[in-house]
Amino acid sequence: MIGKEIHEFAQQLWPLNRSITGNGTRETLRQINLHLPKLLIKSVPSGTKVFDWTVPKEWLVREAYIITPSGKKICDFSKNNLHLLGYSIPMEIDISLDELKKHLYTFPEQPNAIPYHTSYYKENWGFCLSHNEYKELKYGNYKVKIDSELYDGELNYGEIIIPGKNKKEIFLSTYICHPSMANNELSGPTVLTYLCKWLEKLSDREFTYRIVFIPETIGSITYLNYNHKEMKQNIIAGFNITCVGDNRAYSYLPSRNGKTLSDKIAKHVLTWTDPNFIEYTWLDRGSDERQYCSPGIDLPIASIHRTKFAKYPEYHTSLDNLEDVVTPEGLDGGYWAIRKSLELIERNKKFKVTVLGEPQLGKRGLYPSVSTKNMDQKILLMTHFISLCDGNTSLVDIANRLDVPAWNLYDMIDKLKSHNLIIENQ
Amino acid sequence: MIGKEIHEFAQQLWPLNRSITGNGTRETLRQINLHLPKLLIKSVPSGTKVFDWTVPKEWLVREAYIITPSGKKICDFSKNNLHLLGYSIPMEIDISLDELKKHLYTFPEQPNAIPYHTSYYKENWGFCLSHNEYKELKYGNYKVKIDSELYDGELNYGEIIIPGKNKKEIFLSTYICHPSMANNELSGPTVLTYLCKWLEKLSDREFTYRIVFIPETIGSITYLNYNHKEMKQNIIAGFNITCVGDNRAYSYLPSRNGKTLSDKIAKHVLTWTDPNFIEYTWLDRGSDERQYCSPGIDLPIASIHRTKFAKYPEYHTSLDNLEDVVTPEGLDGGYWAIRKSLELIERNKKFKVTVLGEPQLGKRGLYPSVSTKNMDQKILLMTHFISLCDGNTSLVDIANRLDVPAWNLYDMIDKLKSHNLIIENQ
Amino acid sequence: MIGKEIHEFAQQLWPLNRSITGNGTRETLRQINLHLPKLLIKSVPSGTKVFDWTVPKEWLVREAYIITPSGKKICDFSKNNLHLLGYSIPMEIDISLDELKKHLYTFPEQPNAIPYHTSYYKENWGFCLSHNEYKELKYGNYKVKIDSELYDGELNYGEIIIPGKNKKEIFLSTYICHPSMANNELSGPTVLTYLCKWLEKLSDREFTYRIVFIPETIGSITYLNYNHKEMKQNIIAGFNITCVGDNRAYSYLPSRNGKTLSDKIAKHVLTWTDPNFIEYTWLDRGSDERQYCSPGIDLPIASIHRTKFAKYPEYHTSLDNLEDVVTPEGLDGGYWAIRKSLELIERNKKFKVTVLGEPQLGKRGLYPSVSTKNMDQKILLMTHFISLCDGNTSLVDIANRLDVPAWNLYDMIDKLKSHNLIIENQ
């Protein structure tokens, strides 16, 4: 089960302090690079204008904690990087509890969870802690220590282009900006790493694959800023890969128009993976599809999730971990749902039968010689399939009409092609 | 509540003997004219050919009644103008009860109601009375007196054009040919009078408004006969306004094809006015939409009603009155449903976001600086709205997709326009 | 009831040994020819290449039976031609029961039925018998006698072209290759014979009718091989006629795309013939529609059945007979369902009202002179109909929108045409 390897890789990436910039993110990319030697790690300087945005300063944290009046060290960044508000500015002060509380974030509905908060675009500092711990805080003098730095540095992302016979591209994107959380986000970059490894080995790739590991939002905006014209010209389908690691559900989030090839493929694969898969709408979006499908960009990008961001209780808290939420089985299911989608896109041709009228299958050994009252189901499926090979209907559309998973037709297609009974229509 | 003023105006028009021609109709137009000084009162001579029809003679009634064998005056036109069959010819005879009965109209299902009947296009005379009164009639000699006149005169209607920035027109039509009945019809001309008063004061009107007060059927045929080419060229939406005065339901009657802008707007406004609004079909039509949507005319005209004609028990009887059926609240609801529809047509632009990717709302103070697990609903709605501003989707379509009333977006649109984040697409 | 005559004709054809070639098939055509003197009986030589197929040898059977060890003659072809496996080669041997069983076909689920089997395209021999008879067979020496012949001969079919005013064609096809079975197939050729007789007498036919009586599969492939270009050019609708003789259900089988004129007509007629009619899908096909709707042929052919092939227990067995399965009432229903479909295709014009606005029906005596609260249903239907005569909507579409059977409108249409109120739009 490949999910086991992916889970181990996620454990390895867990402690790194990822954010939209900085060392943790670079180190994450470097470790992915060990799996994918052809990955290019790119950088864009702080201050660069990208569409309506500006690449922010780079953020570095050496240490951060609070000392309570009784001398206890709490909210220690070195123990859990969620404790520090993302992009906190440096700070070293003595402060009353009332003043401190203006900088503390908790999530009372889940009192034992450390919530995840950031303040990327407004200078601020703060700590996140469990509501239970928060409630125990006594009046008195607190010492705050944040040894961080915000400086002109760079934003980093990884890119890999895997060429195919066709210049048309499949686009796969995931993000690498969240610190220690498992489904959102380590499931994304780890599953995508293993999908890349499979794609690189895939012989006879039909399409070219453009794959990016980027910080969410500012990363996709930056990437689009430089590449959107080429992307619009070449990309025929793609997926934003996130929240693909728990074993509780399969979910689909559409592109903005909901009718792209990616949407059709995702719905077909999920229908035959889990008939109870959840179908979200564009209004449930929340990740980089917001950029990829924005007006004027309009890329055909949909999402296949296990349990979608914002739809599980552990989301954006310290409870989103690699023990209780993300599992080898969960990652395995996420990996295969996307892999089957890519396999189907590769095979999604329009076939045309080469003879007029029904072909005589019997003389080719494809049909029983004695007619009987009840026909064999496999032969029936073959005659159904041939009857729909009009050269205008793609494989996924035929499979939908036949109400079977497309992959059940792959062997039959190969057999019919070997008998020259069907050809691919260009 | 504007419904109160409208109700008072309806009381004032109540006693006039309206028909498709004649003094009562002219006086009705004159009183509307007092509210709308720019109203033009037009006339077309009897005998004029209009499409497949001929403008009929003008009808005048001085008095009409029956004297019973016991000397009692019944069916007295001066007490209720419904008593006289519309367009009755002059008559003065003594007659037996059996002969008289051939000219009496009752509605046994509602024995205390005087029904409303007319005979515009075939010379005839008759009286309408309650079935209870009818049952009391004794055998004997009856005296019939109808002092009416049918003569070459004119057909009258009122027209007002309220210009806007755009030559494209919104068409509003109502009828003024029914005697003393409230929902069908005084609600129509009185509500439309007050809509005109609002439209005249509306600053910065986008569209031009063509508004007519006409006799039903022959009036709309006459008006179309002279104006249909210009109307087809300019009219983009419109409503036939009738039965907008009771407080029991909201209803929608489609145009013939059911997919015009008027249909879309009416359904949107009614969905958010009363989720239980009744949706009729073209086969339930019965008023001037029959002409406006007839083949070859094909104007985009739909209807917004409170309780539709022929769908309430008091319809076309003396029970359709200003006390029990039409109320200030009912008129108010009818007025606002149509006004909101017109406001939405005025604002129904296609917006286009001015940046690629999502705009950075934070730097404009439109987004919170600290990311949190649960996003504010108003901000979420703004990001949804922006994500659909592709320049091809009208406001009502966006509102439908967002499942919110369009008017909830008006302030947000103004704010986004002031930040130059969206523009109107021409 | 015409079903009675059709049933008698079916009884007459019953005993003939029909197959895809041979004397029984020719004699069947000859007897149809007595009803349809203009029928042309065509022949195509064995060995002719037709699309992906080859016309097979002609098959002749003189006698065939088995002698049991006790000397009893069983599986006697002269008693029931289903006993012999279709296209059995000549055979005369003594054989053990175990060896014989390799050539015996039964249907254990229906132990008293003789099943129907063939082996057209692979040389073979065999007998079909009831499972009850099969179970009684004792061990011992059996004598098999099949005096058959397979030789270069011809494949036969019947064709009749009935010209109309328009060169556009309606295509009707049925098959004549099954031995003694009633619903599948004698109902098909007998009902079609009587439809032809009606069509020949029909005055003022709008369309040309192309009608064929062919062996199933190889016959339609052969016919298409020679005629498909002309057929594609001219045929606007058509039906494959089979299983139209029992009285248990009405059924519809669509063309491949399901949206042809034939589909629309069949659904309309069946909706108003039997609201519980069964709607099958393309995946339930099984007769010559497989060829007529195959990719590249794509003729607009649908099927109207009573109980469809493969959907009744007696199908393809000796129980599919003229006593218990096919009845005069059943044949009558099949005949009329198709005849009404053809009548509707003949009348399926697009009508256009000749005046703008509603016509004044009153002056033509088509409307009551006194307006009343409740309108007559017939007049209402007429005003509905006129309101939809926009010149772009066919009769069947109007009837569907009005939710009435099209034939309820025929008289009204004739009346409106006689008043010059509607014209046919070309």
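Numbering of residues starts from 1 in every chain and runs along the sequence as written. All chains are assigned letters beginning with A, and all ligands numbers beginning with 1, in the order in which they are written. Residues qualify for local features only when their pLDDT is at least 70, as the model is predicted, and side-chain atom pairs are given and counted only at 80 or more; totals for whole chains, interfaces and linings, by contrast, use all residues. Neither water nor hydrogens contribute to the side-chain values; these are computed over all heavy atoms in the structure.

Looking now at the overall build of chain A. Each helix corresponds to a stretch of at least 4 residues labelled H or I by DSSP, and each strand to a stretch of at least 2 residues labelled E; elements are numbered beginning at the N terminus. Along chain A, the regular secondary structure elements total 12 helices and 19 strands. Across its three principal directions, the C-alpha atoms of chain A cover 95 × 45 × 35 Å. Within chain A, the fraction of its 426 residues that count as buried is 62%. Summed over its atoms, the accessible surface of chain A is roughly 16600 Å², and 49% of this surface lies on carbon and sulfur atoms. Relative accessibility under 20% of the residue-type maximum defines a buried residue, over 50% an exposed one, and the middle range a partly exposed one, all with a 1.4 Å probe and only protein chains included. Here, Shrake-Rupley sampling with a 1.4 Å probe gives the accessible areas, and only protein chains in the shown set may cover a residue.

Here we come to the sheet that holds strand 1 (residues 40-45) of chain B. In a beta sheet, neighbouring strands are held together by backbone hydrogen bonds and run either parallel or antiparallel to one another. Residue and element names in this part refer to chain B. Strand pairing is assigned whenever DSSP identifies at least 2 bridges connecting the two strands. Reading across from one edge, 1-10-12-11-13-16-14-15 is the order of the 8 strands in this open sheet, with mixed pairing throughout. Both edges of this open sheet fall to strand 1 and strand 15 (278-279), since each of them pairs with a single strand only. Relative to strand 16 (residues 301-305), strand 13 (residues 235-240) runs parallel, the two being bridged by 2 bridges. Its bridge partner being in strand 16, G238 is matched across the sheet by I301.

The subject of this paragraph is the sheet that holds strand 19 (residues 422-425) of chain A. All names here are of chain A. The strand order 18-17-19 describes an open sheet built from 3 strands, whose pairing is antiparallel. The sheet terminates laterally at strand 18 (390-394) and strand 19, the two strands that pair on one side only. Averaged over all adjacent pairs, the angle separating strand axes in this sheet is 35°, with direction ignored. Of the pairings in the sheet, the one linking strand 17 (residues 350-353) to strand 19 comprises 4 bridges and is antiparallel in character. When the sheet's bridge partners are listed, V353 is paired in strand 19 with I422. By the convention used here, residues are in contact when the closest approach between their heavy atoms is within 4.5 Å. What counts as an axis is a line fitted to C-alpha atoms, over the stretch in contact for a helix, and the angles between N-to-C directions run from 0 to 180 degrees. Sitting on the sheet, helix 11 (residues 395-402) touches strand 17 and strand 18, and the angle it makes with strand 18 is about 80°.

Turning our eyes to something else, we now look at the interface of chain A and chain C. Quite often, the size of an interface is put as the accessible area lost when its parts meet. Counting from both sides, the interface comprises 24 residues of chain A and, opposite them, 28 residues of chain C. Carbon and sulfur atoms make up 51% of the area that chain A and chain C hide from each other, which totals about 2300 Å². A side-chain nitrogen of Lys or Arg and a carboxyl oxygen of Asp or Glu constitute a salt bridge if their distance falls within 4 Å. Linking chain A to chain C there are 4 salt bridges. One salt bridge connects K363 of chain A with D52 of chain C, and the closest N-O pair in it is separated by 3.5 Å. By the criterion applied in these results, polar contacts are pairs of N or O atoms within 3.5 Å in which, for protein atoms, one can donate a hydrogen and the other can accept it, and in which residues neighboring in sequence qualify only through two side-chain atoms. Applying the counting criterion to the chain A and chain C interface returns 14 residue pairs in polar contact (both at pLDDT 80 or more). Contributions of two or more residues to the side of chain A that touches chain C are made by helix 10 (377-387) and helix 11 of chain A. In terms of residue count, helix 10 of chain A provides more of the side of chain A that touches chain C than any other element does, 4 residues in total. Buried area: the accessible area, evaluated with a 1.4 Å probe, that two parts lose upon being put together, summed over both parts.

Fitting of the copies onto one another was done by least squares over C-alpha atoms, counting residues only where both copies have pLDDT of at least 70. Overlaying chain B with chain A gives an RMSD of 0.1 Å, the required rotation being 120° about an axis along which the chain moves by 0.0 Å. With respect to symmetry, the two chain copies, as superposed, fit the operation of a three-fold axis. The rotation axis passes nearest to the C-alpha of K259 of chain B in chain B, at a distance of 13 Å.

The next subject is the environment of A10 of chain C. Residue and element names in this part refer to chain C. Tracing the backbone through its elements, the reader meets A10 in helix 1 (residues 2-13). Separated by 171 residues in the primary sequence, A10 and M181 place their C-alpha atoms 9.9 Å from one another. Those residues in contact with A10 that lie beyond four places of it in its chain are L186, T190 and L322.

This part takes up the side chain of T217 of chain B. Residues and elements named next belong to chain B. Mapped onto the elements, T217 comes out in the loop between strand 12 (208-214) and helix 6 (218-234). Within polar-contact distance, the side chain of T217 engages the side chain of R290 at 3.2 Å. Filtering out sequence-adjacent residues up to four positions away, T217 remains in contact with W53, D288, R290 and Q291.

Let's shift gears to helix 6 (residues 218-234) of chain A. For helix 6 of chain A, spanning 17 residues, the distance from its first C-alpha to its last is 23 Å, which sits close to the expected 24 Å at 1.5 Å a residue. Looking only at helix 6 of chain A, the buried set comprises I218, G219, S220, I221, T222, Y223, L224, N227, H228, M231 and N234 of chain A. To estimate how far a helix should extend, the number of its residues minus one is multiplied by 1.5 Å.

Glancing now at the pattern of salt bridges. Residue and element names in this part refer to chain B. Evaluation of the coordinates by the stated rule reveals 84 salt bridges over all chains. E169 is the partner of R210 in a salt bridge, and the nearest nitrogen-oxygen pair spans 2.7 Å. Here R210 is found in strand 12, whereas its partner E169 is found in strand 11 (residues 169-175), with 41 residues between them in sequence. Relative accessible area serves as the criterion here: at 2%, R210 is assigned to the buried category.

Moving on: empty space enclosed by the protein. Lining residues are those with an atom within 4 Å of a point, where the points come from a 1 Å grid over the protein atoms alone and group into cavities, where a 1.4 Å probe fits but cannot get out, or pockets, open sets with protein on both sides within 12 Å along at least five of seven lines. Grid points are joined across faces, edges and corners, and a volume is the space filled by probe spheres set on the points. Using the criterion set out here, one finds 3 cavities of 30 Å³ or more in the structure. Polar here means any residue outside two lists: the nonpolar Ala, Val, Leu, Ile, Met, Phe, Trp, Tyr, Cys and Pro, and the charged Asp, Glu, Lys and Arg; Gly therefore counts as polar. Here the lining of the largest cavity is built from residues that sort into 8 nonpolar, 6 polar and 1 charged.

Right, let's talk about the packing of helix 10 (residues 377-387) of chain B against helix 12 (residues 410-418) of chain B for a bit. Residue and element names in this part refer to chain B. Interhelical geometry of helix 10 versus helix 12 gives an angle of 65° and a closest axis separation of 11 Å. Looking at the two axes, helix 10 sits roughly perpendicular to helix 12. The element helix 10 and its partner helix 12 pack so that their crossing is right-handed. On the side of helix 10, the interface is formed by K378, L381, M382, F385 and I386, while helix 12 contributes M412, I413, K415 and L416. Of the residues contributing to the contact of helix 10 with helix 12, the split by class is 7 nonpolar, no polar and 2 charged. Angles below 35 degrees are treated as roughly parallel, those above 145 as roughly antiparallel, those between 65 and 115 as roughly perpendicular, and all remaining angles as oblique. Note on convention: the crossing is left-handed when the near helix lies turned anticlockwise from the far helix by less than a right angle, right-handed when the turn is clockwise.

With that settled, consider unusual backbone geometry. One non-glycine residue with positive phi stands out, namely Y87 of chain A, at about 70°. For Y87 of chain A, the location among the structural elements is in the loop between strand 5 (73-74) and strand 6 (91-96). Among the residues examined, Y87 of chain A registers a relative accessible area of 3% and is labelled buried. The residue D204 of chain B is not glycine, and still its phi comes out positive at about 65°. Relative to the elements of secondary structure, D204 of chain B occurs in the loop between helix 5 (182-201) and strand 12.

Here the focus is helix 7 (residues 261-273) of chain B. Residue pairs spaced three or four apart in an α-helix point in one direction, given the helix's 3.6 residues per turn. All names here are of chain B. Compared with an ideal rise of 1.5 Å per residue, which puts 13 residues at 18 Å, helix 7 spans 18 Å between its outermost C-alpha atoms and is within 8% of the ideal. By the burial criterion, the buried members of helix 7 are S262, D263, I265, A266, H268, V269 and L270. The secondary structure elements touched by the buried residues of helix 7 are strand 13, strand 14 (251-253), strand 16, helix 9 (328-347) and helix 11 (395-402).

This paragraph deals with the nonpolar core. Counting residues in each nonpolar core, the largest one holds 135 residues, and the members touching the most others are F127 of chain B together with I211, F239, F385 and L409 of chain C. If you tally residues by element for this core, the top one is helix 5 (residues 182-201) of chain C, at 9 residues. In contact with I211 of chain C, other than residues within four places in its own chain, are G158, E159, I160, I162, L172, L192, C196 and L199 of chain C. Throughout this description, the term nonpolar core refers to a set of buried Ala, Val, Leu, Ile, Met, Phe, Trp, Tyr and Cys residues connected via side-chain atoms within 4.5 Å.

How sure the predictor is of each residue is captured by pLDDT, a score from 0 to 100. Taken residue by residue, chain A gives an average pLDDT of 97. The fraction at 70 or more is 99%. Confidence estimates for the predicted assembly give a pTM of 0.94 and an ipTM of 0.95.

Take the interface of chain B and chain A next. Counting residues at the interface gives 24 residues for chain B and 29 residues for chain A. Taken together, both faces of the contact between chain B and chain A bury some 2300 Å²; the carbon and sulfur share is 51%. Our count for the chain B to chain A interface comes out at 4 salt bridges. Summed over the shared surface of chain B and chain A, the result is 14 residue pairs in polar contact (both at pLDDT 80 or more).

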